[in-house]
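What follows is the residue order along each chain.
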Amino acid sequence: MTATRGEHPHKDHSSEVDDAATVHAGPPEGPAAGVAAAGNYGPPNRRTGDRRVSVMMLSGVLAVGLGIAAATIPVPYVVERAGPTFNTLDRSGDTPVISVTGHETYPAKGNLDLTTVYVEGGPTGPVSIVGVFGAWLDRSKSVYPQELIYPTGTTKEQAEEQSSVAMTTSQENAVASALRELNIPFGQQLQAAGLSNGSPSAGKVQDGDIFETINGKPITSLTVVQEELAAGRGAPVTLVVQRAGESLAQTITPKDNGSGRYILGIMLKYVFTFPFDVKISLDKVGGPSAGLMFALGIVDTVTPGDLTGGKHIAGTGTISPDGTVGPIGGIRQKMLGARAGGATLFLAPADNCDEVAGNVPEGLQVVKVENLDQARSAVERAASSQDTAGLPSCASN
């Protein structure tokens, strides 16, 4: 999750200007000054001395000004630091983080904290060379080239929109994965959400088309499409889509994406029909990485009992509708934020283990998880006060 950008500490340069004036305010030093003091040659030329003082003071002021400018000029880096945590079982202001309508709910104790990072730099706000240098020296922060976080040319508006869309998608996937974990039926369809450049589906598939079948097989998930394309190895496929209530059959020849994988060149999103309403309220936080903790919070909210047993647990990870937990950014900062918030157990995506190893804060046990079911089992084990030492970690296979 990405929290609202924080402020940069800045340096007060007024003392530097005073120091420069003090250093250069006295009479010029060196042989000439010594001779004048020892002999009877009279006082030094006041006009020449004044010019020297003025030039030296001006040089000092210019040097300080250049230093200030260099310190404040934006640089193409992004700094990540630990952000706040939010208990998905608690409230955000006056509103519950998770609200359920149309299904019985149960009060929950303990914490299932989602974790965040503050991101400084990039299109959302500049970071100075002083800020970057300070972050390099601070083990609690991470510095990345801007293009690794934001594609070149990304505007502030685009970055905020992408973060908002990712958050919305994460919430929908969290509901779907929680209901699947609880064996509660719901509707799920794939919808076209755009075409890539040079797409082989151009002129055949439009935004908003609902995928029905591929080569006669019902499309219940993206996996069905991917497996059929892989089996055909580039052979034409018959795709049936629903458009304006009508089923249309289209023959499309997939193309190789350059790595031996055949694609239709269609951007897709899931459209769900849930049996009850779940609303997630969390201001000023965006991105997809709270999916896992949202899903666990939903499971706890709609099932009897207390999933955490009153324990303080935190975590992070994207979530897909089938419950798969995916990697996220800022894992080091999120572990620090979790521990600072009081968590003793942290759920981390297995694919982030290379960043977890060697960076776990003291007093925090990190459990690696690949899916929602594993995460739920880990929480239940901690809740029952069983020994959690045997749970999978990033130091084990």
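Please read these numbers as outputs of a predicted model, since none were measured by experiment. (Residues numbered from 1 in each chain as written. Predicted model: local features only at pLDDT ≥ 70, side-chain atom pairs only at ≥ 80, totals over all residues. Heavy atoms only, no water.)

Brief notes about the overall build of the chain
Heads up, the rule is: Secondary structure elements are taken from DSSP: a helix is a run of H or I of four residues or more, a strand is a run of E of two residues or more, and numbering for both begins at the N terminus. Buried residues are those whose accessible area, probed at 1.4 Å on protein chains only, stays under 20% of the maximum for their type, while exposed residues exceed 50% and partly exposed ones sit between those limits. The Shrake-Rupley method, run with a 1.4 Å probe sphere, supplies the accessible areas, and residue values consider only the shown protein chains as cover.
Each helix and strand counted, the chain has 11 helices and 22 strands in total. Burial statistics for the chain: of 397 residues in total, 39% are counted as buried. Per element, the accessible surface of the chain, about 21100 Å² overall, is 53% carbon and sulfur.

With respect to a nonpolar patch on the surface
Cut-off, in case you're wondering: Each patch is built from salt-bridge-free residues with over 30% relative accessible area, joining like charges within 9 Å and nonpolar side chains (Val, Leu, Ile, Met, Phe, Trp, Tyr) within 5 Å. A pairing counts as a salt bridge when a side-chain nitrogen of Lys or Arg comes within 4 Å of a carboxyl oxygen of Asp or Glu.
There is a patch of nonpolar side chains on the surface, built from F133, W136 and L137 and spanning about 390 Å² of accessible area. With respect to the helices and strands, W136 occurs in helix α4 (residues 129–136).

Let's talk about the packing of helix α6 (residues 156–181) against helix α8 (residues 291–302)
Note the following rule: With axes taken as lines fitted to C-alpha atoms, and helix axes fitted only over the stretch in contact, angles between N-to-C directions fall between 0 and 180 degrees. Roughly parallel means an angle under 35 degrees; roughly antiparallel, over 145; roughly perpendicular, 65 to 115; everything else is oblique. By convention, the crossing between two helices is left-handed when the near helix turns anticlockwise from the far helix through less than a right angle, and right-handed when the turn is clockwise. Throughout, a contact is declared for two residues whenever any of their heavy atoms are within 4.5 Å. Under the scheme applied, nonpolar residues are Ala, Val, Leu, Ile, Met, Phe, Trp, Tyr, Cys and Pro; charged residues are Asp, Glu, Lys and Arg; polar residues are all the others, including Gly.
At a minimum axis separation of 8 Å, α6 and α8 run at an interaxial angle of 40 degrees. Viewed along their axes, α6 and α8 adopt a mutual orientation that is oblique. The two elements α6 and α8 cross, and the hand of that crossing is right-handed. When α6 is examined against α8, the residues M167, S170, Q171, A174, V175, S177 and A178 are found in contact with a partner set consisting of G291, F294, A295, I298 and V299. Class assignment of the residues belonging to the contact of α6 with α8 gives a composition of 8 nonpolar, 4 polar and no charged.

Remarks on unusual backbone geometry
A positive phi angle, close to 60 degrees, is found at K284, a residue other than glycine. Inspection of the secondary structure puts K284 in the loop between β16 (277–280) and β17 (285–286). In this model, S385 sits at a positive phi of 65 degrees, which is unusual for a non-glycine residue. Considering the arrangement of structural elements, one finds S385 in the segment after α11 (372–383).

Examining the nonpolar core
To keep things clear, this is the line we draw: By nonpolar core is meant a set of buried Ala, Val, Leu, Ile, Met, Phe, Trp, Tyr and Cys residues that side-chain atoms within 4.5 Å join together.
Ranked by internal contacts, the top residues of the largest apolar core, which has 42 residues, are L112, L292, F294, L296 and L347. No other element matches α8, which puts 8 residues into this core. Formed by 15 residues, the second largest nonpolar core is a distinct cluster that contains L190, V205, V224 and V225.

A short note on the layout of surface pockets
The line we're drawing: Residues are said to line a cavity or pocket when one of their atoms sits within 4 Å of a point; the points come from a 1 Å grid over protein atoms alone, cavities being sets where a 1.4 Å probe fits but cannot get out and pockets being open sets with protein on both sides within 12 Å along at least five of seven lines. Grid points are joined across faces, edges and corners, and a volume is the space filled by probe spheres set on the points.
The space that makes up the second largest pocket amounts to roughly 500 Å³. As for the second largest pocket, its lining consists of 18 residues, and the residues nearest its centre are N173, L268, K269, Y270 and P321. For the lining of the second largest pocket, the elements supplying multiple residues, two or more each, are α6, β8 (187–195), α7 (222–232) and β15 (266–273). Here the lining of the second largest pocket takes 6 residues from α6, the largest share from any one element. Per-class residue counts for the lining of the second largest pocket are 7 nonpolar, 7 polar and 4 charged.

Considerations on the pattern of salt bridges
Across all of its chains, the model carries 5 salt bridges by this definition. For R376, the salt bridge goes to E181, with nearest N and O atoms at 3.2 Å. With R376 in helix α11 and E181 in helix α6, the pair connects residues that are 195 residues apart, well separated along the chain. Residue R376 shares its accessibility class with E181, and that shared class is buried. Two residues, R376 and E380, come together in a salt bridge whose shortest N-O distance is 3.3 Å. Residue R376 and its partner E380 are located together in helix α11, separated by 4 residues, close to a single helical turn. Looking at E380, the relative accessible area reads 36%, which means it is partly exposed.

Notes on the confidence of the model for the chain
Rules: Each residue carries a pLDDT score, the predictor's confidence in it, ranging from 0 to 100.
For the chain, the average pLDDT comes to 85, and 81% of its residues sit at 70 or higher. Scored below 50 in pLDDT, residues 4–42 shows 30 contacts in the model against residues more than four places distant or in partner chains.

A few points about the pairing of strand β22 (residues 365–369)
Under the convention used in this document: Strands are treated as partners if at least two bridges between them are detected by DSSP.
Within β22, 4 of the 5 residues are buried, which leaves the element mostly enclosed by the surrounding structure. Bridge analysis of strand β21 (residues 345–349) against β22 gives 5 bridges, and the strand direction is parallel. By the bridge assignment, F346 is partnered in β22 with V366.

Some remarks on the side chain of T316
As a reminder of what qualifies: Any pair of nitrogen or oxygen atoms within 3.5 Å is treated as a polar contact; in protein, a donor-acceptor pairing is required on top of that, and neighbouring residues in sequence qualify only through side-chain atoms on both sides.
With respect to the helices and strands, the residue T316 is situated in the loop between β18 (312–315) and β19 (318–319). The exposure class assigned to T316 is buried, which follows from its relative accessible area of 1%. Only 3.3 Å separates the side chain of T316 from the backbone oxygen of S289, close enough to count as a polar contact. For T316, the contacting residues outside a window of four places in its chain are T115, S289, L292, M293, I328, I331, K334, F346, L347, A348 and P349.

A short note on the state of the cysteines
We apply this condition: By convention in this document, the label disulfide applies to cysteine sulfur atom pairs within 2.5 Å.
On inspection of all chains with the given rule, the structure shows 1 disulfide. Linked covalently through their sulfurs, C353 and C394 form a disulfide whose S-S length is 2.1 Å. Between C353 and C394, the S-S dihedral sits near -75 degrees, and the bridge is therefore left-handed. Of this pair, C353 sits in helix α10 (residues 353–356) while C394 is found in the segment after α11, placing the two residues 41 residues apart along the sequence. You can call C353 buried: its relative accessible area is 12%. Assessed through its relative accessible area of 19%, C394 is described here as buried.

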